Amino acid sequence: MSLINIVSALGDNSSIYPLLVRDCGIENVAKCALTYKQNAKESKYIAREATRERIIDEYGTSAVWLGGVPLLNKICDTFIKKRKYAPEINLKLFKESASQGINVNIEKFKDKLPDLTEQLKKVRDNKKTFQNLQAFKFIATTSIPIALMGFLLPKLNFLYTKNKNSKKQTPVFEGKNKMQSGMKEFLKNIKNSKKEGSPSFSGLDKLANMSNLQKMMVLDAGLTAGRVKTGRNPEEKAELAFKMLLMCYLNYLAPKNIEKMLNGLTKKIFGINTSLDVKLLNSKDFINKIKENKLSLPKGIDEKSIINFIDENPTSTFVKEAQKLNLVSMLKNNIRDPRKYVETGKVAEFKQAIEEFVSDAAKSGSVEAFAKKALYAKSFNTIANVAISSFLLAGVLPKIQFLFRKVLTKSDLDPGVKQYDKRA
């Protein structure tokens, strides 16, 4: 992956890449180190125990995110395919409009893409079954990771600490019995839910077609509930709730606010528009089209104008760049994928951002020089955003958490582990 692609990925705060860099590369390491330092003020033994728990917790959670969630998605998609349905079909297509929808797309692409339109017909004619399959996928890819990260992982982590520090060596089977009891309760709830009737799937199109980032937000919400529920005492529960709520804000909201602030300052101070992606600013084709006044854009920002432009100009620079940013899904034969829903609002925003950039570049006197300045500014803002949000997560958040602990418990020790303090 080139440097431009890396910066582009890090600059997309609607994707999971900045989150993964902050979470795995910076935040986990810093939190583990600070956990040891904080607890070591009173007990080096508790510091080691608390740090071991933190390492298992942080990296175990990351493993589920990075490996478990993608694996579950693949398993669910395979399950759906075996039932002769295409998991790629977006449920939003059932919201029919004049420009796109399941029936509109079938009619429009029936001659160009007969195989794909047959997939659409099957889903249209078996809407309830397909909705149930998508509901199954959503529940499986959220509830299982939440159960693993929010309940099972901390329970096993705490059980290991308890067994390791128990003078009587509490049997490991105690944890097994608890898990068996929990499983019986889980199965009982499922049985009761079946008796009460099928669940309602209103709004399922929004749930089933969430972005990876939105799914991670759902997982973090469930993770927060699980961690608080499994806390070993009221003090630990309170600290976990406080930490997780701040973490969710710093992971999902703060980076977007920082991005807006940095872009606004760059525009105000230097007069440079940094709303476009670095890959586009680095594109020679894009810059040349602006210089030669040959850049074709949709005439309007309404759905009809956007859809018609994409279908009539599939090889245009605008459509190609929109595809690179995952705003449009095109097939190898340069035909729009009729199974996918086009978020025309986002495409319209992209078009308006390009128009603003073209206007500013024309006023600057040199399109190439202006684009280069914008590229450097955007790259700086992206790296600064990652650095600032990482510092807040890895440095400021733990300090605030430890201050909250000190005020709540009058101690620097981890409230869940301090019961095992072996000081004389």
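To keep things clear, this report deals only with the structure shown in the data block. (Residues numbered from 1 in each chain as written. Predicted model: local features only at pLDDT ≥ 70, side-chain atom pairs only at ≥ 80, totals over all residues. Heavy atoms only, no water.)

**Focus on the overall build of the protein chain**
What the protein chain contains, in helices and strands, is 16 helices and zero strands. The buried share of the protein chain, reckoned over its 424 residues, is 46%. Summarising the internal contacts of the protein chain: among those between residues at least 6 apart in sequence, 74% fall at separations of at least 24. Split by element, the accessible area of the protein chain, about 22500 Å² in all, is 59% carbon and sulfur. (Helix = DSSP H or I, 4+ residues; strand = E, 2+ residues; numbered from the N terminus. Buried < 20%, exposed > 50% of the residue type's maximum accessible area, 1.4 Å probe, protein only. Contact = heavy atoms within 4.5 Å. Areas by Shrake-Rupley, 256 points an atom, 1.4 Å probe, with all protein chains shown as cover.)

**Quick word on helix α16 (residues 367-409)**
Because each turn of an α-helix spans 3.6 residues, side chains separated by three or four positions in sequence point in the same direction. An ideal rise of 1.5 Å per residue puts 63 Å on 43 residues; α16 measures up with 60 Å between its terminal C-alpha atoms. Backbone geometry just downstream of α16 places Lys410 in the positive-phi region, at approximately 60°. (Expected span 1.5 Å × (residues − 1).)

**Re the packing of aromatic side chains**
Per the stated rule, a full pass over the model turns up seven aromatic pairs. Ring centres of Phe357 and Phe370 lie 5.3 Å apart, and the angle between their planes is 50°; on these two criteria the pair is classed as tilted. Highlighted residues: Phe357 in helix α15 (residues 344-364) and Phe370 in helix α16, separated in sequence by 13 residues. An identical accessibility class is assigned to Phe357 and Phe370; each is buried. Pairwise contacts between aromatic rings join Phe286, Phe357 and Phe370 into one cluster. Here the basic side chain of Lys122 rests over the ring of Tyr85, its NZ or CZ set 4.7 Å away from the ring centre. Taking NZ or CZ as reference, Lys127 lies 4.9 Å from the ring centre of Phe94, over its face. (Phe/Tyr/Trp six-rings, centres within 6.5 Å; stacked < 30°, edge-to-face > 60°. Lys NZ or Arg CZ within 6 Å of the ring centre and 35° of its normal.)

**Let's talk about the packing of helix α14 (residues 317-324) against α15**
Running from N to C, α14 and α15 point in directions that differ by 120°, and their axes come no closer than 11 Å. Between α14 and α15, the angle falls in the class oblique. Crossing geometry of α14 relative to α15 is assigned as right-handed. Across from Phe318, Glu321 and Ala322 in α14, the residues of α15 making contact are Val347, Phe350, Lys351 and Ile354. Considered class by class, the residues forming the contact of α14 with α15 number five nonpolar, no polar and two charged. (Axes fitted to C-alpha atoms, helices over the stretch in contact; angles between N-to-C directions. Parallel < 35°, antiparallel > 145°, perpendicular 65-115°, else oblique. Left-handed = near helix turned anticlockwise from the far one by under 90°. Nonpolar A, V, L, I, M, F, W, Y, C, P; charged D, E, K, R; others polar.)

**Structural notes on unusual backbone geometry**
Phi angles above zero are rare outside glycine, and Lys84 is one such case at about 65°. Positioned with a positive phi, Asn334 is a non-glycine residue whose angle comes to about 65°. Residue classification places Asn334 among the partly exposed positions, given a relative accessible area of 39%.

**Things to note about the nonpolar core**
Residues Leu276, Phe286, Ile310, Phe318, Phe350, Ile354 and Phe357 are the most contacted members of the largest nonpolar core, which totals 32 residues. It is α15 that provides the largest number of residues to this core, a total of seven residues. When residues no more than four places from it in sequence are discounted, the contact partners of Phe350 are Leu276, Leu280, Phe318, Glu321, Ala322, Leu325 and Leu327. With 16 residues, the next largest nonpolar core counts Val69, Tyr252, Leu393 and Leu397 among its residues. (Core = buried A, V, L, I, M, F, W, Y, C linked by side-chain atoms within 4.5 Å.)

**As for the side chain of Gln100**
Position of Gln100 relative to the elements: it lies in the loop between α3 (44-82) and α4 (102-109). Within polar-contact distance, the side chain of Gln100 engages the side chain of Glu303 at 3.1 Å. Excluding residues that lie within four positions of it along the chain, Gln100 makes contacts with Leu93, Lys95, Asn105, Glu303, Ile307, Lys340, Tyr341, Val342 and Thr344. (Polar contact = N/O pair within 3.5 Å; in protein donor to acceptor, adjacent residues only side chain to side chain.)

**Quick look at helix α10 (residues 234-270)**
The end-to-end C-alpha separation of α10 is 51 Å, in line with the 54 Å expected for 37 residues at 1.5 Å each. Taking the largest bend as the criterion, α10 deviates by roughly 45°, centred on Leu253, and proline Pro255 comes between one and four positions later. Gly271 lies just past α10 and shows a positive phi near 70°. (Bend = angle between axes of the 7 residues up to and from the residue.)

**Structural notes on the packing of α3 against helix α6 (residues 127-165)**
Two elements in contact, α3 and α6, have axes separated by 9 Å at closest approach and are oriented at 160°. Comparing their axes, α6 and α3 come out roughly antiparallel. In the crossing of α3 with α6, the sense of the turn from one axis to the other is right-handed.

**Overview of the environment of Asn251**
Mapping Asn251 onto the fold places it in helix α10. Residue Asn251 is classed as buried on the basis of its relative accessible area, which comes to 4%. A sequence separation of 31 residues divides Asn251 from Asp220, and the C-alpha atoms of the two residues are 10.0 Å apart.

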